[in-house]
Amino acid sequence: MTPKPEVVVLACTQAVPQPSALRQALQEVGISGRIIQEPCSSKVEAFHLLRILAKGADLVWVVGCPEQYCQLAEGSTRMGFRVAHAQSYLAELGLEVARLGFSRVAAGSPEGLAATAAEIQLRLKDLPPNPARPRPAA
Amino acid sequence: MIVGQRKSLQELQEMLTGYKKILLAGCDTCVAESACGGRRETAELAAALQMAFQMAGREVELKETSVDRQCIQEFLVDVVAAAQEVEAVLSLACGAGVQALAARLEKIPVFPALNTLFLGETAERGVWLENCRGCGDCQLGYTGGICPISRCAKRLLNGPCGGASNGLCEINMAHAYDPPVPCAWEQICNRLQSLGELERLYNVKPSMDWSKAGAGGPRRVVRPDQRL
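Counting from 1, residues in each chain are numbered in the order their sequence is written. Here chains are named by letter from A upward and ligands by number from 1 upward, in the order in which they appear as written. Only residues with pLDDT of at least 70 are given local features in this predicted model, and only at 80 or more are side-chain atom pairs given and counted; all residues enter the totals for whole chains, interfaces and linings. With hydrogens and water excluded, all non-hydrogen atoms of the structure serve as input to the side-chain values.

Asks: Quick one: what's the story with the interface of chain B and chain A, residue by residue and with numbers?
Replies: Interface size is commonly expressed as the accessible surface area that is lost when the partners come together. Between two residues, a contact is recorded if the distance between any of their heavy atoms is within 4.5 Å. Chain B puts 16 residues into the contact, and the matching count from chain A is 20 residues. Interface area, chain B with chain A, both sides summed: about 1600 Å², of which 59% is carbon and sulfur. Together, B:Glu44, B:Met51 and B:Met55 form the three largest contributors to the area buried by chain B at its contact with chain A, with a combined 39%. Note on definitions: salt bridges are taken to be side-chain nitrogens of Lys or Arg within 4 Å of carboxyl oxygens of Asp or Glu. If you look at where chain B meets chain A, you find four salt bridges. Throughout this description, a polar contact denotes any pair of N or O atoms lying within 3.5 Å of each other; where both atoms belong to protein, one of them has to be capable of donating a hydrogen while the other can accept it, and for residues adjacent in sequence the pair is counted only when both atoms sit in side chains. Our count for the contact surface shared by chain B and chain A stands at 10 residue pairs in polar contact (both at pLDDT 80 or more). At 11 residues, helix α3 (residues 39-55) of chain B tops the list of elements feeding residues into the side of chain B that touches chain A. When residues are grouped by polarity, Ala, Val, Leu, Ile, Met, Phe, Trp, Tyr, Cys and Pro land in nonpolar, Asp, Glu, Lys and Arg in charged, and all others, Gly among them, in polar. A class-by-class count of the residues in the side of chain B that touches chain A yields eight nonpolar, three polar and five charged. The buried area of a pairing is the accessible area, by a 1.4 Å probe, that goes missing from both parts when the two are put together, added over both. Under the DSSP-based scheme used, a helix requires at least four consecutive residues in state H or I and a strand at least two consecutive residues in state E, with every element numbered from the N terminus.

Quick look at the structure:
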């Protein structure tokens, strides 16, 4: 039986004030993921993303605010750069860069959350289980 | 500050072949500023290497630490203690830091995670440019604060070569630098002109004594007043 993919979403509290709404949007496309709230998407460091993948997640996603509405001015913009920087490590490792992604959602927008869930679902379609996950102890 | 660049993950994995417990040690001064060896980069590299080892089927335990400066012996006490629990250390410091740490760990190999590149400044976010070669005979006062040794591709001491075009060094014709390399001597002339000191250029500099720049062997500074 194919194991369920492990999805972790790091969500800015301004973009996703109600994590339950994001959880529901994900469930509607058949995904049960772990949602971690962040004070701003700019607090997500590249090493957070890589660590979560190293611990066994199949896909890690960051949700931030539209760039011009980020309360920390450049935060959402920087988040995009950091995801790209983390993706460069994946490329160097020969891992799919699609295991990392981000979206920008206007505060709590149901359409934005639905689009995010749809994009995650699309990514997961072509992603096999994470080959870099820890091996189970013998 | 010293600017470096991380070695490839492949080279690092090859270096660390056979070791099962490894400590990654970062440095939070120069290489943190140049975004290649600080605690953030140490955490990034640890996670990336963990994934690399897991993909290769290697069971490796990685630990992380970082200190303010690896080039200061007294700062290394905690790293030395942590290193007693591992088989090898991967240092993200510059060459000076790697060696300072290695000198304190006689029985534990220390590997460099970076290629140490140059002395430079943060010209803009994400861009570090070389501007000092440590030549040991600083002439910046005579060149308007612009170094011809490090910033002129030919290290000319007495004026431009004539190969510049639109203020840019001719090496830009061989390689598309981004940002492009300006002609250091054009910058020097412009700067001295704005300072009202263009006449300095009429003082012809003699040939450089390269022994001060390291051609005479490893350099040192000894201060008797500092040796307690």
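Asks: Could you give an account of the sheet that holds strand β5 (residues 110-112) of chain B, with specific residues and numbers?
Replies: Residues and elements named next belong to chain B. In space, the four strands of this open sheet follow the order β3-β2-β4-β5, with parallel pairing throughout. The open sheet has two edge strands with one neighbour each: β3 (61-67) and β5. On average, each strand axis in the sheet is tilted by 25° relative to the strand beside it, whichever way the strands run. Convention adopted: a line fitted to C-alpha atoms gives each axis, helices being fitted over their contacting stretch, and angles between N-to-C directions are expressed from 0 to 180 degrees. Most of the contacts of α3 go to β3, to which it runs at about 170°, and overall it touches β2 (21-27), β3 and β4 (88-91). By this definition, two strands are paired if DSSP reports at least two bridges between them.

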